[in-house]
Amino acid sequence: MSVQLILYPQNYDGQYNSISTTTGEFVIDGNAFTTIDTSSSYDSPTPLAGNVIGDVLTNASPTIQNTWYRFRSTDTGTPTLPLRVAPNPLLAIIAVPTSSIAGVYQRLSNLTIGQQYILTVNNDPTGFTGTAYVAVFKGSNNNTIAANFTNTNTSPITLTFTAATTSDIILISWIDTTNSTMFINSVSVSEVGSTPTTVYTELQDGQVICDLYEDEDIPLSLSVDDFKNVAEKVQSYSKAFNLPATKRNNQIFDNIFEITRTDTGLNFNPYKRTKAILKQDGFLLFEGYLRMLDISDKSGETSYNVNLYSEVVALADVLGDKTFSELDFTELEHDYNKTNIKNSWNDAPSAGITYTNASTSGFRNANDTVKYPFVDWTHQILVGGSSATGANVGNPELTNLETCFRPFINIKYLVDRIFQALPFTYESEFFDTDDFKKLYMDFNWGSDLIPETGTGTYTTGDASNTSIGSYQPLFIFDNDFPSNAGYDTSHHKFTAAYDNQTYIIDTDFWVTNYNNSADLKYRWTHKDSAGNLIGQYTTSPWLGGAGPMVIPWNTTVSLTLNQNDTLEFKYYSTAGNSVQYMPSNLTVSTGYALATTNVLLQTLRGELGQWEFLKGLLTMFNLVTLPDEDNPSNIKIEPYSDVFLNNPNSVELDWTDKIDVSEMKLMPLTDLNKKTIFKFVEDEDDYSFRQYKRGTNHLYGSKKYDASEFTILAGEDEIIAEPFAATLVKPLMSQFSDFITPAVYAMNDDGAEEGFDNSPRIMYNNGIKSTGTTFYMPAQNGVTSSNESDFLQFSHLSNVQTTTGTRDFHFGECQLMANVGNPVNDNLFNLYWLPYYSELYNPDTRIMTIKVNLSPSDINTFKFNDTVFIKNRTFRVNKIDYKPNDLATVEFILIP
């Protein structure tokens, strides 16, 4: 029998590498464009009327062969650099409406001088309104071999050229006077009259066959999960085995055991994934990745100790320590104001968030990606009538938008963004369900960036100091303003500490008029860091009247400043010795509030691990991850019951004649835990959660599974949907029973409620609901105030109040707060975990371990969602320990 271990090159994720090309093809990475987003780039300041290409090739020459480079012109506009998009087309070259140019280029290798070649660019002709410029160069723009300007919407674009060197340069660029994009599916260079080989019977993409020891049969442990502990998601792998240090293997691994070896950038790297496939007699047994464990030298014989592991394990390895901070959310930036907040509530495309930047991922939309539900983030909500605003008396009043409105991002969007940057794709019918698409994770910025508030006392001093005919500052002699407010007591002005710093300033003062002919004016003066006037905001004049007379004066200003901008409050009098300002108050709130930016979104959530996030979803919904049998780099993600219990694609296999009845081990599952608790992370600073726990002795959103009827079992286990925390929902105030919102706030040592750095929350979009009253949204960031009767409701339930069919996205039944509804049965445990636990804790469930005569063909065609028929009983396969040329040890689960 023939066993083959085949390795792909590490470069370019096993598609091509820099020293191995597909037969007849001279462009590297011209189909998947997996290296585009990380390739070198150059910004050319040369005008389009000048020689941009010459500048690019002179100052950013493609010195490394078979590697993509990118460029763009920046003289009259700055296009987005060419980037990979998904799923198709794959390469996008974007132009902006300022006659700019952008493109990609690559230095080829192994051309034959004098041979004719054809450059083929397979583009999407839709919306082809600009000019594509493709060219081939000997080495600089002064040595053009061939060029082609294309102004039509034809596809493909072709260019025939005669090689001048063995390493000519190809270049594809896009010029447009409108904001449009050229999409490219593939780029190819081949000899005229030949076609690149794309189908192989044996090896392709630079694959190599490793030498094995003569008697080496590589043992495999094949599984998709451990039935006894499905949350662990144990995947297929091989036991460690040795490869001899033959001439071939040493070349494959670049003599890594030589301590004098230096890294050239193309050497084998033990810290990178190496795609591998294992075959026996031509049948594919395993497709995954090779990991080098160590290199041993025993009595002068060197060997490589390696093992194989599956794609899903590789997903966790690839994500590794990646955090959300590595996902650029620039495309989600938008003005933070009432207009965008309310527009985010809409599901219809007619009105949604207006984003600042163009979409670059292809996954963003105006209605579903970012939303602003009403959440009690600080519990600092006033009752209207307690302050001099337009709030309806007796109804909730927000002092700023941040009190209750902070961004949530769609879960499906986040999953898509994570996979977009990976060498994997995914497929999931579950992720495409309406319920999953309505799930969101909060991107709260925590406690630090809530606008801070402080108060100052000010006066003009004696009436004799009042000047005539010029604006004079008000002197603040005592204050507890926030440190980032930047108040200067010497110059009586505020200086912004950072860009987009918002100031909300309320003045409440008393004026004594001594002169019935005096008129007064007040204004805020906003200047930039150089002292240039940006704006003056003048209040209505106060006309003189009989004096002396004490009159109250109130005004509010909300402005956004950039770093080192100044803000100053001054007064003006038409008569001297006319007025005196009594000691009065000025309240300042300042912080980030102008825009929801990438920086703001990453403030707290940027630390969250990408694999941690995905693993939390797998735990919540008991999801099983399976490699696609037709494409092992594609991962199928579905709930346990859909894979193993209710799968229409499952096949029943008859292995009755394959078993070795001489040795059989049948045992009950006695190592199970008596009790299991399903829960979320406990946010100890969450005041409402903590109070519920104390009052009920129960964790909100948790489920205790008790198998005490199995009296010999012992022990307890925890299944925790890290990093997510449960979210308690309740009426915002006791008098407003219909105004039900999530409560996510802390209480400090002084007994005051405040925001905190909460663990991520998963919530369901319940849609726009009536408050049953009104709430006041203050004027902020250039948008006026209003009293609103509707709000966007998020919760852990699909309906509030609960009804028949309501789904709960917490684990278990628990007493809900007043007016939320009754506990529901359709929760995470009952919907996604109970089918598995019903099998696991069934008295008829058995584990049977037996030897089975499995051929390479059996392994090649077997799927773990298949069932096996043996002697009138149906089994599920839990694990296969397979060794070529030997009986396999199979662990079966007897299905009750």
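The structure under discussion appears in the preceding block.
Computed from a predicted structure; not experimentally measured. (Residues numbered from 1 in each chain as written. Predicted model: local features only at pLDDT ≥ 70, side-chain atom pairs only at ≥ 80, totals over all residues. Heavy atoms only, no water.)

**Re the nonpolar core**
So, step 1. Leu5, Phe405, Phe613, Phe621, Ile880 and Phe892 are the most contacted members of the largest nonpolar core, which totals 153 residues.
So, step 2. Apart from residues no more than four positions distant in its own chain, Phe613 is found in contact with Phe324, Ile411, Leu414, Val415, Ile418, Met441, Leu608, Pro723 and Phe724.
So, step 3. Formed by 31 residues, the second largest nonpolar core is a distinct cluster that contains Phe33, Ala95, Leu119 and Val136. (Core = buried A, V, L, I, M, F, W, Y, C linked by side-chain atoms within 4.5 Å. Buried < 20%, exposed > 50% of the residue type's maximum accessible area, 1.4 Å probe, protein only. Contact = heavy atoms within 4.5 Å.)

**Concerning helix α10 (residues 687–696)**
So, step 1. The complete set of buried residues in α10 reads Ser688, Phe689, Arg690 and Tyr692.
So, step 2. Among the structural elements, β46 (729–731) are those in contact with the buried residues of α10. (Helix = DSSP H or I, 4+ residues; strand = E, 2+ residues; numbered from the N terminus.)

**A short note on a negative patch on the surface**
So, step 1. A cluster of acidic residues, Glu607, Glu684, Asp685, Asp749, Asp750, Glu754 and Asp757, forms a negative patch at the surface.
So, step 2. Considering the arrangement of structural elements, one finds Glu684 in the loop between β43 (675–681) and α10. (Patch = residues over 30% accessible without salt bridge, like charges linked within 9 Å, V, L, I, M, F, W, Y side chains within 5 Å. Areas by Shrake-Rupley, 256 points an atom, 1.4 Å probe, with all protein chains shown as cover. Salt bridge = Lys/Arg side-chain N within 4 Å of Asp/Glu carboxyl O. Lys, Arg positive; Asp, Glu negative; His and termini not counted. Charge placed at Lys NZ, Arg CZ, Asp CG, Glu CD.)

**Looking at the sheet that holds strand β44 (residues 703–706)**
So, step 1. Taking strand neighbours across the sheet as the criterion, the three strands line up as β44-β43-β45 in an open arrangement whose pairing is mixed. Among the strands making up the open sheet, the edge pair consists of β44 and β45 (716–725). The sheet shows a mean angle of 15° between the axes of neighbouring strands, taken without regard to direction.
So, step 2. Seen against the sheet, helix α8 (residues 610–620) touches β43 and β45 and runs at an angle of roughly 130° to β45. (Pairing = 2+ DSSP bridges. Axes fitted to C-alpha atoms, helices over the stretch in contact; angles between N-to-C directions.)

**Points about the pattern of salt bridges**
So, step 1. Counted according to the given criterion, the structure contains 18 salt bridges.
So, step 2. Among the salt bridges present, the one from Lys322 reaches Glu326, with a minimum N-O distance of 3.8 Å.
So, step 3. Here Arg605 and Asp442 are joined by a salt bridge, their closest N and O atoms 2.7 Å apart. One end of the pair, Arg605, is in helix α7 (residues 598–605); the other, Asp442, is in strand β26 (residues 439–442), and 163 residues separate them in sequence. Comparing Arg605 with Asp442 shows no difference in burial state: the two are buried.
So, step 4. In the salt-bridge network here, residues are joined through shared partners; they are Lys679, Glu682, Lys693 and Glu718.

**Brief notes about the packing of aromatic side chains**
For any pair of aromatic rings, geometry is given as the distance between the ring centres together with the angle between the planes.
So, step 1. Scanning the entire structure with this criterion turns up 64 aromatic pairs.
So, step 2. Summarising the aromatic geometry, the rings of Tyr117 and Phe161 are spaced 5.8 Å apart at their centres and angled 25° between planes, so their arrangement reads as stacked. Taken together, the residues Tyr117 in strand β7 (residues 116–124) and Phe161 in strand β10 (residues 157–162) connect sequence positions 44 residues apart. In this structure, Tyr117 and Phe161 share a single accessibility class: buried.
So, step 3. Judged by centre distance (5.1 Å) and plane angle (80°), the ring pair of Phe374 and Phe775 falls under edge-to-face. With a gap of 401 residues between them, Phe374 in the loop between β21 (370–371) and β22 (382–383) and Phe775 in strand β50 (residues 762–777) connect regions that are remote in the sequence.
So, step 4. Residue Phe374 is classed as buried on the basis of its relative accessible area, which comes to 0%.
So, step 5. Grouped by ring-pair contacts, the aromatic residues Tyr640, Phe644, Phe678, Phe680, Tyr705, Phe710, Phe811, Phe829, Trp833, Tyr836, Tyr837 and Tyr841 constitute a single cluster.
So, step 6. Sitting above the plane of the Tyr309 ring, Arg291 keeps its charged end 4.1 Å from the centroid. (Phe/Tyr/Trp six-rings, centres within 6.5 Å; stacked < 30°, edge-to-face > 60°. Lys NZ or Arg CZ within 6 Å of the ring centre and 35° of its normal.)

**A closer look at unusual backbone geometry**
Backbone phi values are negative for most residues with the exception of glycine, while trans is the configuration of most peptide bonds.
So, step 1. In this structure, the amide linkage connecting Glu722 to the following residue, Pro723, adopts the cis form with an omega of 10°.
So, step 2. Along the chain, Pro723 turns up in strand β45.
So, step 3. At the junction of Val800 and Gln801, the peptide bond is cis and its omega measures out at -5° in the coordinates.
So, step 4. Among the secondary structure elements, Gln801 is positioned in the loop between β51 (786–795) and β52 (807–808).
So, step 5. If you check the backbone angles, Asn622 has positive phi at about 50° while not being a glycine.

**Observations concerning the side chain of Arg107**
So, step 1. Position of Arg107 relative to the elements: it lies in strand β6 (residues 100–107).
So, step 2. Asp168 is the oppositely charged side chain nearest to the buried, salt-bridge-free Arg107, at an N-O distance of 6.9 Å.
So, step 3. Of the polar contacts made by the side chain of Arg107, one reaches the backbone oxygen of Pro62; its length is 2.8 Å. (Polar contact = N/O pair within 3.5 Å; in protein donor to acceptor, adjacent residues only side chain to side chain.)

**With respect to the pairing of β50**
So, step 1. Most of β50 is tucked away, with 12 of its 16 residues classed as buried.
So, step 2. Two elements, β26 and β50, share three bridges in a ladder whose sense is antiparallel. If you follow Met441 over to β50, its bridge partner there is Ile762.

**A look at the pairing of β43**
So, step 1. Counting buried residues in β43 gives five out of seven residues, a clear majority hidden from the surface.
So, step 2. The sheet contact formed by β43 and β44 spans four bridges and is antiparallel. Within β44, the position partnered with Thr676 by the bridge is Tyr705.
So, step 3. Bridge analysis of β43 against β45 gives six bridges, and the strand direction is parallel. Looking across to β45, one finds that Thr676 is bridged to Asp717.

**Considerations on the packing of helix α5 (residues 411–420) against α8**
The description of two packed helices rests on the angle between their axes and on the distance between the axes.
So, step 1. Contact geometry for α5 and α8: axes closest at 11 Å, N-to-C directions at 130°. What the angle tells us is that α5 and α8 run oblique. You can see that α5 and α8 cross each other, and the crossing is left-handed. Of the residues in α8, those in contact with Ile411, Leu414, Val415, Ile418 and Phe419 of α5 are Gln610, Phe613, Leu614 and Leu617.
So, step 2. Split by residue class, the contact of α5 with α8 holds eight nonpolar, one polar and no charged. (Parallel < 35°, antiparallel > 145°, perpendicular 65-115°, else oblique. Left-handed = near helix turned anticlockwise from the far one by under 90°. Nonpolar A, V, L, I, M, F, W, Y, C, P; charged D, E, K, R; others polar.)

**Examining α5**
So, step 1. Counting buried positions along α5 gives nine out of 10 residues, so the element sits mostly inside the fold.
So, step 2. Taken residue by residue, α5 has Ile411, Lys412, Tyr413, Leu414, Val415, Asp416, Arg417, Ile418 and Phe419 as its buried positions.
So, step 3. Looking at where α5 begins, the residue whose side-chain oxygen comes 2.9 Å from the main-chain nitrogen of Lys412 is Asn410.

**Thoughts on the environment of Phe419**
So, step 1. By secondary structure assignment, the location of Phe419 is in helix α5.
So, step 2. Note on Phe419: relative accessible area 6%, which makes it buried.
So, step 3. Along the backbone, Phe419 and Gln610 are 191 residues apart, and their C-alpha atoms lie at a distance of 9.9 Å.
So, step 4. Discounting residues that sit within four places of it in the chain, Phe419 has contacts with Leu315, Phe424, Thr425, Tyr426, Leu614 and Ile637.

**Digging into the environment of Asp686**
So, step 1. Note on placement: Asp686 falls in the loop between β43 and α10.
So, step 2. For Asp686, a relative accessible area of 1% corresponds to the buried category.
So, step 3. Through-space distance from the C-alpha of Asp686 to that of Asp757 is 9.6 Å; in sequence the pair is 71 residues apart.
So, step 4. Each residue touching Asp686, except ones within four places of it in the same chain, is listed here: Ala726, Ala743, Tyr745, Phe756 and Arg761.

**What to know about the sheet that holds β7**
So, step 1. Read across the sheet, five strands follow the order β4-β5-β12-β7-β10 without closing on themselves; strand pairing throughout is antiparallel. Each of the sheet's edge strands pairs with one partner strand only, and the pair in question is β4 (83–84) and β10.
So, step 2. Relative to strand β12 (residues 181–191), strand β5 (residues 91–94) runs antiparallel, the two being bridged by four bridges. Paired with Ala92 across the two strands is Phe183, which belongs to β12.

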